[in-house]
Amino acid sequence: MEASVAHAGTFPARRDEYGPVLASVLDAARAADAAEVCRAGLRRLALRGQFARLLRSIDLLLTPVHPFAPLTLDDIRTLGEQPELIADLQRYTAPFDLTGNPTITIPGGFTGTGLPTGIQLVAADQREDLLVAAATAFQQQTSFHRRHPAA
């Protein structure tokens, strides 16, 4: 919804410059009625409350960035034709786009074929200091951030 407001000055007038995935997202947001917007806002507040309660009992939440190895260039080229893949790409990051919790993504290892993977740390509101300290400590104990995939 916010994206449709942010792009109101150029969308839909310059639709061709947005690509099919973002254009479809903006179209859906523009088509939403007031009741849908209110329901979405209430769901967002509920989710925010659930994570706030969780993060009162733990310091950080550790998640993968994606549930699979990095995408191939062919996958990226056809991303607009694969809505399930788009949903999978956002599975672990989108919830925190909604809640506004601070996150940090850092190199977390490599697949069996040598491709890099990432991990995401999530903290309570206003705890960016904890994220940076944890990411720094992790990188001091690992070398994932120094390795590069084979050319």
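What counts and how
- Residues numbered from 1 in each chain as written.
- Predicted model: local features only at pLDDT ≥ 70, side-chain atom pairs only at ≥ 80, totals over all residues.
- Heavy atoms only, no water.
- 1 Å grid on protein atoms, 1.4 Å probe; cavity = no way out; pocket = protein on both sides within 12 Å on 5 of 7 lines; lining within 4 Å.
- Points joined across faces, edges and corners; volume = space filled by probe spheres on them.
- Helix = DSSP H or I, 4+ residues; strand = E, 2+ residues; numbered from the N terminus.
- Nonpolar A, V, L, I, M, F, W, Y, C, P; charged D, E, K, R; others polar.
- pLDDT = per-residue confidence, 0-100.
- Phe/Tyr/Trp six-rings, centres within 6.5 Å; stacked < 30°, edge-to-face > 60°.
- Buried < 20%, exposed > 50% of the residue type's maximum accessible area, 1.4 Å probe, protein only.
- Lys NZ or Arg CZ within 6 Å of the ring centre and 35° of its normal.

(A) Structural detail: the layout of surface pockets. There is about 530 Å³ of room inside the largest pocket. As for the largest pocket, its lining consists of 18 residues, of which Met-1, Glu-2, Ala-40, Arg-44 and Leu-98 are closest to the centre. If you list the elements that add at least two residues to the lining of the largest pocket, you get helix H1 (2-6), helix H2 (19-31), helix H3 (34-57) and helix H6 (94-99). For the lining of the largest pocket, the leading source of residues is H3, giving six residues. Of the residues assigned to the lining of the largest pocket, the class counts are eleven nonpolar, three polar and four charged.

(B) Structural context of the confidence of the model for the chain. Looking at the chain as a whole, its pLDDT mean stands at 92, while 98% of the residues score no less than 70. Here helix H4 (residues 73-77) stands out as the least confident element of the chain, with mean pLDDT 85; helix H7 (residues 128-141) is the most confident, with 97.

(C) Just the packing of aromatic side chains, in detail. Applying the stated rule across the entire model yields three aromatic pairs. With 4.9 Å between their ring centres and 65° between their planes, Phe-51 and Phe-96 make a pair best called edge-to-face. A residue pair is termed long-range when its members are at least 10 positions apart, and Phe-51 in helix H3 and Phe-96 in helix H6 qualify at 45 residues. The buried category is assigned to Phe-51, whose relative accessible area is 15%. The lysine or arginine in question, Arg-147, covers the ring of Phe-110, its NZ or CZ lying 3.9 Å from the ring centre.

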